[in-house]
Amino acid sequence: MRYTLKRKSWATALVAAVAVGSSCLGLMSQAASAAPVTLTFWSRPQGENGGIIKLMIDEFNRTHTDIQAKLTIIPQDQFVQKVATAYRSGDAPDITSVDLIYVPYFAKAGAFEDVTGIYNAAKYKNQWDKAHVALSLYKNKMYSLPFTAEGSVLFWNKDLFKQAGLDPEKAPRTMAEILSAAKKISALGGDIKGYYFSGACSGCNIFTFAPYIWAQGGDVLNKDGSPNFASKEAKVALQFYKDLWDAGTVPESAKNDNGASFAAPFLTGKVGMVGAGAFFIPGLVKDHPEIHFGVTPLPGAKVGQSSSFAGGDNIAVLKGTKHPKEARAFLSWATDKGQEFLAKQPVLPTRLDVAQKTYVPLDPVNYKVMYDALLVGKTPWTTSYNSLIQDNQGPWLKMFTGAIFGGDIDGAQKAAQNQAEQIYKKEK
Amino acid sequence: MKKNELVLKKRKVGSRNSSIPFRGWLVICVSLMTLFLSPILASLLHSLKTAKDSAMSPPTFLPPTFSLENYKSLVNSSTGVISNGIYLYIWNSVVLAVITVIGTLILSTLAGYGFARFNFKGKELFFAAILLMIMVPFQALLTPIYFLFSQTGLQNSLLGLGLIYITYQLPFSIFLMRNTFMVIPKALGEAALVDGCTQFKIFKTIMLPLARPGVISVALFAFFASWNEFIAALTMISVQEKYPLPVILTLLTDRQMGATNFGFLQAGVMVTMIPCIVLFLFLQKYYVSGLISGGVKS
Amino acid sequence: MKSTRNSSMAGVWFILPAMIFVLVFFIIPLIAVVVMSTTNFPLLGDVTYIGFQNYTDIFSDTEFHQTIIHTLVYTFLVTPPLFIVGLGTALLIRRTNKLSSFFRTFFFMPLVIGFGSAAFLWYWLLDPGTGYIPQLFREIGFGRMEKPILGYMPGALIAVILMVVWKFSSFQMILLMAGMQGIDPEVLESSEIDGAVKWKQLRYVTFPLIKRTLVMVFILSIAGSLLAFDQFFIMTGGGPEGQTQTMVFYIWRQAFRSFNLGYAAALSVVISIFLLLVSLIQLRYIDEKE
């Protein structure tokens, strides 16, 4: 027994020596040939069918020889957890595209590099939309740069409007007008309903429902990120949705929809109105030419009020990256030539000048609405987005479902505010 | 609906009035069988519809036109949610299963034999440690394991995931192998001992072959566990190309502009289910005896 | 003498590989979890030692208490049907004819197909738009069935229970059957002669004889139900309105949504201890009546 073991250890030592030796040789030869630097880049699926980010990375790789980017796509609902865990284990990528709503969280934790310098030096820094810039700020420093954009707007089915006796070219301008239109459309009978929303999806509703609160001048979060769920504007908006539901203008299946359907029922041609974003337009135009639709800003209580959720991604460099120079070069490309590429796909870019020049002309009617939405777009700023809003058992969705399906708006608001305050205190 | 008849063994089948008459028994069994099978059958039927038909509401039970469209999409999918086509993910599941089965077999046959044949200090303690494993919600252990793994580069790897699967198969597998070995007479090995064989050689050349039914059962259960597990896979693997099948199923319900294509989802479900069903049909008796041996005698 | 001492050592070698795995992938993470439970451990950020504070927080965490109730209700509701169907099918297939094993095969199918697949299957089956179950109800005449079953209580809970019974009853079936095979047929015969009614025979003769098996079945069943997570994660997402959120689901949320790893760890420790107690009580039952 012992005899064989000794033999074995000699052999292993020899193999190890050879291995070390050859890798040394390998390294030396690599340095000599100056291979391109590979940046690791993570992103959630973006754009139609999630594939837009791959096209963009391919474009970058095509136009650069000294830097190459390697893309990893991570499913949306695990994104934050994966990036955070990777960062903690020292395993993080060099760059990440991140839903702008999470930048404060990562900035607070010190996971992102300070890019204030790049921001200040950028020629086009005044061309970025306000919301994306605001979310990059933490304690007066910039921790990311605007990347891709998204905005929420109201889609309406012109044919159904006509059938219900409404002017198909006139978009509803207040919540009350939406409610009345929805009722008239549902009265057409059959499976036809006036409105659709996802009843069990927190993210869908911060995207398409919160603007109704903002348009009135209210908010769900205060400037410092503390919760404001019990506001009177929120009550008005919740009452509006509750009326929609109680009047039977929303399909029953909406109650259970956790976002899997999101705005899809609109594609059946049997739904009068739905809140959705820019991502929804190309598919409608290409695959459903039979649906004549219009796009309009999400309104408030009075004519002239409107708002939109500014969504999309920002792009950030992870602290501890081994290639800071190349990472910054990527950021510069992504916020300049990359924006042109995006706009052509089409994807709503965060550079307003590029949006106006390249994006809007592709669909002057609908894309102009998206552009306007981006101009007024808001994004809630908080370092506790996950617990306060994203969590399906968190206060945001609980307030929503409690008020609309449970029927007790005041109670739901109060309970949500309590829960939110506890969370806010704990996670500050 | 409680079945109160008690059937006496062997010769007494069908005699007297203590058993339900054959016809009644048959009816009940067939109804139950239908109940158990129908969801699977439903899934199969729905997966064979065209994309348009599967979105039809209200649905028809049979496909208006039989179509392999959903399966084709699974294989050819090159954009969007499941790029790479389904074969990659099947392969991942296969690799994972192979790792789990081999690892579990080696560890549990050795350990089962050790527990069955020998008495040594701390035997009770080790056994208790194994029992403890079924008491702890293993989701709770996933995060520390992830951190541990990332120190050694095992995170985000099928190998790392497989090592976890092996470990959590151990309680059941060790019990099973222990029981199997306990039934094999010691005498068979004792003769060889006198001849100067090492314990290991006895184990390998005499006992193991005799324990074949147990070995096959352990392999089968390890396969099922690794093929179907989903939460640990979801947590440990971050890169889509390495996902095993069950995790891909969750992606199939992800919204992509359209409503969930349930026919497509069921096709994915079928692809995940079929290997299990086929294996089960072929190796039934081992599966059954495995459950008995592993479950009861522990 | 020499050979027995050697053979003891050999035993240790045999179990060593497995024990190493258990140590590395179970014991060590378990210790890590216990240590984590005494800290405030956000996924990103500094880790600070806070002693037992997580545990005292658990006492005042009303949401967690709710999930305990949900889990207990679920366990209470799912255990009897699981047992009854398992026992019923076990008794049915004890007939020794070829057909028995034929039927047995089909009873087993749901067990082998995996939790994820089963949950997704039923998720679709219950879909109000394209699922077969609402359609079935429509054809029987139960109305339009537009409301999603999984979107309301108690439908959501009942549906999940149904899926679990469908999937796992064959597991109990086989364990019970195996246990009953150990019964000496003569004992049954003599109780028949004494004129025992079938149901009484089951209760007073069979059950006491298979007590070990019964306890094992219940321990596994109850432990599994108390730790339920996957089925609710896929089918209901903890809804409607959090009413099917189980204890483990809550832990998962704390760890993977709120990123409070320390708190999640403390919750896990508490649940494991609870589970251990429940199982020990059941084990005691064997020794007691013996």
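Every residue gets a number counted from 1 within its own chain, in the order that chain's sequence is written. Starting at A for chains and at 1 for ligands, labels are handed out in the order in which the entities are written. Only residues with pLDDT of 70 or above have their local features reported here, since the model is predicted, and side-chain atom pairs are shown and tallied only from 80 upward, although totals for entire chains, interfaces and linings are computed over all residues.

Moving on to the overall build of chain C. Every helix listed is a DSSP run of H or I at least four residues long, and every strand listed is a run of E at least two residues long, numbered separately from the N terminus. Helices and strands together make up the secondary structure of chain C, namely 13 helices and two strands. Once the C-alpha set of chain C is aligned to its principal axes, its extents read approximately 80 × 75 × 30 Å. Relative to its full complement of 290 residues, chain C shows a buried share of 49%. Exposed residues have 12 or fewer other C-beta atoms within 10 Å of their own C-beta, buried residues have 20 or more, and residues in between are partly exposed; the C-beta atoms are placed from the backbone.

We now examine the overall build of chain B. In terms of regular secondary structure, chain B is built from 13 helices and zero strands. Starting at the N terminus and ending at the C terminus, chain B contains elements arranged as α-α-α-α-α-α-α-α-α-α-α-α-α. The buried share of chain B, taken over its 298 residues, is 51%. The long-range share in chain B, meaning contacts at least 24 apart out of those at least 6 apart in sequence, stands at 73%. By definition, residue pairs are in contact when their C-beta atoms, positioned from the backbone, come within 7 Å.

Each regular strand carries side chains that alternate between the two faces of the sheet. Residue and element names in this part refer to chain A. Within strand 8 (residues 271–277), seven of the seven residues are buried, leaving the element largely enclosed by the surrounding structure. The sheet contact formed by strand 6 (residues 145–157) and strand 8 spans five bridges and is antiparallel. The residue bridging F155 from the neighbouring strand is V274, located in strand 8. By definition, two strands form a pair when at least two bridges between them are found by DSSP.

Below, the discussion takes up the interface of chain C and chain A. Counting residues at the interface gives 21 residues for chain C and 20 residues for chain A. Residues that form the side of chain C that touches chain A fall into these classes: seven nonpolar, nine polar and five charged. Throughout, the ten residues Ala, Val, Leu, Ile, Met, Phe, Trp, Tyr, Cys and Pro are labelled nonpolar, Asp, Glu, Lys and Arg are labelled charged, and all others, Gly among them, are labelled polar.

Residue P346(A) is bonded to the preceding Q345(A) through a cis peptide linkage, with omega at 0 degrees. Relative to the helices and strands, P346(A) is located in the loop between helix 14 (337–344) and helix 15 (352–359). P154(C) follows M153(C) through a cis peptide bond whose omega is -5 degrees. By the secondary structure assignment, P154(C) is in the loop between helix 6 (132–140) and helix 7 (155–181). One non-glycine residue, K139(A), adopts positive backbone phi at about 50 degrees. Position of K139(A) relative to the elements: it lies in the loop between strand 4 (137–138) and strand 5 (141–142). Accessibility expressed as a C-beta count within 10 Å gives 7 for K139(A), which makes it exposed. Phi angles above zero are rare outside glycine, and F259(C) is one such case at about 60 degrees.

Right, let's talk about the pairing of strand 1 (residues 37–43) of chain A for a bit. Residue and element names in this part refer to chain A. Along strand 1, five of the seven residues are buried, which leaves the element largely enclosed by surrounding structure. Strand direction decides the pairing type here: strand 1 and strand 2 (residues 67–73), joined by seven bridges, are parallel. By the bridge assignment, S43 is partnered in strand 2 with I73. Where strand 1 meets strand 3 (residues 95–99), two bridges bridge the pair, whose relative direction is parallel. When the sheet's bridge partners are listed, F41 is paired in strand 3 with I95.

Each partner contributes to the interface: chain C provides 85 residues, whereas chain B provides 87 residues. The greatest single-element share of the side of chain C that touches chain B, amounting to 21 residues, is contributed by helix 1 (residues 2–36) of chain C. Class assignment of the residues belonging to the side of chain C that touches chain B gives a composition of 57 nonpolar, 20 polar and eight charged.

All names here are of chain C. Structurally, Y263 can be placed in helix 13 (residues 261–289). Assessed through the 27 C-beta atoms surrounding it within 10 Å, Y263 is described here as buried. Sequence separation between Y263 and T39 is 224 residues; the distance between their C-alpha atoms is 7.9 Å. Setting aside its immediate chain neighbours within four residues, Y263 contacts N54, D57 and Q254.

What follows is about the nonpolar core. With 309 residues, the main nonpolar core has F155(A), A18(C) and W122(C) as its most contacted residues. Among the elements that make up this core, the one with the highest residue count is helix 7 of chain C (16 residues). Sequence-distant contacts of W122(C), that is, excluding residues within four places in its chain, are made with P39(B), A159(C), M163(C) and M235(C). Note on definitions: a nonpolar core is a set of buried residues drawn from Ala, Val, Leu, Ile, Met, Phe, Trp, Tyr and Cys, linked by C-beta atoms within 7 Å.

The next thing to look at is helix 7 of chain C. All names here are of chain C. Between the first and last residue of a helix there are one fewer steps than residues, each counted as 1.5 Å, and that sum is the expected span. Here helix 7 contains 27 residues, and its C-alpha end-to-end distance of 38 Å stays within 8% of the 39 Å for a straight helix at 1.5 Å per residue. For helix 7, the principal kink sits at F168 and spans about 40 degrees. Counting buried positions over the 27 residues of helix 7 gives 21, a clear majority of the element. What the bend at a residue measures is the angle between two axes, fitted to the seven residues ending there and to the seven starting there.

Moving on: the domain arrangement of chain B. Residues and elements named next belong to chain B. The domains assigned to chain B are domain 1 (10–72) and domain 2 (76–296). Of all the secondary-structure elements, those providing two or more residues to the side of domain 1 that touches domain 2 are helix 1 (22–47), helix 2 (51–54) and helix 3 (69–76). A total of four residues in the side of domain 1 that touches domain 2 trace back to one element, the largest contributor, which is helix 1. Split into classes, the residues belonging to the side of domain 1 that touches domain 2 amount to four nonpolar, five polar and two charged. For the domains described, the bounds stem from an automatic or database domain assignment.

Residue and element names in this part refer to chain A. By the element assignment, K125 lies in the loop between helix 5 (116–121) and helix 6 (130–136). Judged by C-beta crowding, with 15 C-beta atoms within 10 Å, K125 ranks as partly exposed. On a C-alpha basis, the gap between K125 and F197 in space is 36 Å, while along the polypeptide they are 72 residues apart. Contact partners of K125, with chain neighbours within four places excluded, come to Y119 and N120.

The N-to-C vectors of helix 1 of chain B and helix 5 (residues 115–125) of chain C enclose an angle of 75 degrees; their axes lie 10 Å apart at closest approach. The orientation of helix 1 of chain B with respect to helix 5 of chain C, classified from their angle, is roughly perpendicular. Two secondary-structure elements touch here, helix 1 of chain B through P39(B), A42(B) and S43(B) and helix 5 of chain C through L121(C), W122(C) and L125(C). Tallied by class, residues from the contact of helix 1 of chain B with helix 5 of chain C come to five nonpolar, one polar and no charged. A fitted line through C-alpha atoms serves as each axis, taken over the contacting stretch for helices, and the angle formed by two N-to-C directions is quoted from 0 to 180°. Angles are sorted into four bins: roughly parallel if under 35 degrees, roughly antiparallel if over 145, roughly perpendicular if 65 to 115, and oblique for all others.

This part covers the packing of helix 18 (residues 395–404) of chain A against helix 19 (residues 409–427) of chain A. Residues and elements named next belong to chain A. In contact at an axis separation of 8 Å, helix 18 and helix 19 are set at 170 degrees when each is read in the N-to-C sense. Classified by the angle between their axes, helix 18 and helix 19 sit roughly antiparallel to one another. Along its contact with helix 18, which presents P395, K398, M399, G402 and A403, the element helix 19 presents I409, G411, A412, Q413, A415, A416, Q419 and A420. Residue composition of the contact of helix 18 with helix 19, by class: eight nonpolar, four polar and one charged.

This part is about helix 3 of chain B. All names here are of chain B. Among all positions of helix 3, only E69, N70 and L74 are buried. For helix 3, the buried positions fall inside an angular range of 145 degrees around the axis, keeping them on one side. The exposed residues of helix 3 that point more than 90 degrees off its buried face are K72 and N76. The directions considered for the arc are those from the helix axis to the C-beta atoms.

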